[in-house]
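The chain contents come next:
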Amino acid sequence: MSDKTQRTREICALAPIVPVLVVDDASQARPLAEALVAGGLPALEVTLRTPAALDAIRAMSQVPGGVVGAGTLITPEDVRAAKEAGAKFGVSPGATDALIAACVAEGLPLLPGAATASEAMRLLELGYDMLKFFPAEASGGAPALKAIGAPLPQISFCPTGGVSPSNARDYLSLSNVVCAGGSWVAPNQMVVEGDWTGIESLAREASKLTD
Ligand code: 3PG
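Residues numbered from 1 in each chain as written. Predicted model: local features only at pLDDT ≥ 70, side-chain atom pairs only at ≥ 80, totals over all residues. Heavy atoms only, no water.

Asks: What am I meant to see in the packing of aromatic side chains here?
Replies: Under the criterion given, the structure shown has one aromatic pair. Over the aromatic face of F134 sits the side chain of K132, whose NZ or CZ is 4.6 Å from the ring centroid. (Phe/Tyr/Trp six-rings, centres within 6.5 Å; stacked < 30°, edge-to-face > 60°. Lys NZ or Arg CZ within 6 Å of the ring centre and 35° of its normal.)

Quick look at the structure:
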C-alpha cells in the first residue's frame, strides 16, 4: 500500500460514514463535533466553504476521539491553511498536480476526488489508491462504482454526493468501498438550533450502517 494513501485509508476505516460539514458559526463547531464523535463517527470533514471553516477545524480538533479534516480543498493555499488550522487529512472534489504537490509538501493525507476510470487510474499512478468517488449519485451511484471496481479492484473509494440513509448500504456493501461521505448527519436546521442530542442520534444510526 502506498505511503500517500495509508493514513487516509486508516481514517476512512474508522466508521462507515464521514460527516461532510458546512459550518457557518465556529461557536457551534465544538458541540457539533462532540455529538458526532459521541454518536460513533470520529472522522469529520469540515468543508472550506464558509469563513468560519478554519476556526471550526481549530475548535473541533480539541475534541477527544475526533479526527478532523478539511474538505473542498481546491488550491495549494487551501492546503496550507487547512494544515495550519490543524486538519489531519484533506478531501478534494477532484485532483490537480498543484493540489497534490501541496499535500505532499505539507504532509497532509489526501482523499482526492475521482469520478471516472481515467481519473482513478491517474491518481493510482501518483500513489493514491483510496479515493473519493464524487459526485457519487450523479456519476451513476453504486452500480457505477461496482463497475469501476471490476477492472480496478486495487482502488478503494469513499463515495460522496447524494449519499443518504436510503442508499448508503448499496455503496457500503461493495468490496471497493471503505466508507461514504454524507451531510445528512448534521442537518443545518439541527445545527442552528443546537440540537446536539438529535445529531448524536443521527450519527449513531449512521455508525451502524455496516452492522
Ligand atoms: C458535498 O460536496 O457537500 C458533499 O458531496 C456532500 O454531499 P451530500 O450533501 O449529498 O451528502
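Asks: I keep staring at empty space enclosed by the protein and nothing clicks. Help me out?
Replies: Over the atoms rolls a probe the size of a water molecule, and in doing so it shows where empty space is left. What the rule picks out here adds up to one cavity of 30 Å³ or more. Each pocket or cavity is described by its volume, and for the largest cavity that value is around 60 Å³. Classifying every residue of the lining of the largest cavity gives seven nonpolar, two polar and two charged. (1 Å grid on protein atoms, 1.4 Å probe; cavity = no way out; pocket = protein on both sides within 12 Å on 5 of 7 lines; lining within 4 Å. Points joined across faces, edges and corners; volume = space filled by probe spheres on them. Nonpolar A, V, L, I, M, F, W, Y, C, P; charged D, E, K, R; others polar.)

Asks: For this particular structure, what's the right way to read the environment of E34?
Replies: Mapping E34 onto the fold places it in helix α2 (residues 29–38). Using a relative accessible area of 34% as the deciding quantity, one classes E34 as partly exposed. Taking C-alpha positions, E34 is 28 Å from S156, a pair spaced 122 residues apart along the chain. (Helix = DSSP H or I, 4+ residues; strand = E, 2+ residues; numbered from the N terminus. Buried < 20%, exposed > 50% of the residue type's maximum accessible area, 1.4 Å probe, protein only.)

Asks: How should the layout of surface pockets be read in this particular structure?
Replies: In this structure, the largest pocket spans a volume of roughly 230 Å³. Surrounding the largest pocket, 17 residues form its lining, V20, R49, F134, T160 and G161 being those nearest its centre. Contributions of two or more residues to the lining of the largest pocket are made by β2 (43–47) and β9 (180–182). Taken together, the residues of the lining of the largest pocket sort by class into six nonpolar, eight polar and three charged.

Asks: Would you explain the side chain of S156 in this entry?
Replies: Looking at the secondary structure, you find S156 in strand β8 (residues 156–159). Engagement of the side chain of S156 in a polar contact is seen with the side chain of R9, the distance being 2.9 Å. For S156, the contacting residues outside a window of four places in its chain are R9, D129, M130, L131, N176 and V178. (Polar contact = N/O pair within 3.5 Å; in protein donor to acceptor, adjacent residues only side chain to side chain. Contact = heavy atoms within 4.5 Å.)

Asks: How do you make sense of the side chain of T8 when you look at a structure like this?
Replies: Relative to the assigned elements, T8 resides in helix α1 (residues 3–12). Once you skip the residues sitting within four places of it in the chain, T8 turns out to touch P109, L110, L111 and M130.

Asks: Mind showing me how you'd approach the pattern of salt bridges here?
Replies: Close approach of charged atoms lets side chains of opposite charge pair. On inspection of all chains with the given rule, the structure shows eight salt bridges. The closest approach of N and O atoms between D129 and R9, which form a salt bridge, is 3.3 Å. Taken together, the residues D129 in the loop between α6 (117–125) and β7 (130–133) and R9 in helix α1 connect sequence positions 120 residues apart. Of the two residues, D129 and R9, both sit in the buried class. For E34, the salt bridge is made with R30, and the minimal N-O distance between the two is 2.9 Å. A residue pair is termed a helical-turn pair when its members lie 3 or 4 positions apart in one helix, as E34 and R30 do in helix α2 at four residues. In this structure, a network of salt bridges that share partners links the residues D55, R58 and E84. (Salt bridge = Lys/Arg side-chain N within 4 Å of Asp/Glu carboxyl O.)

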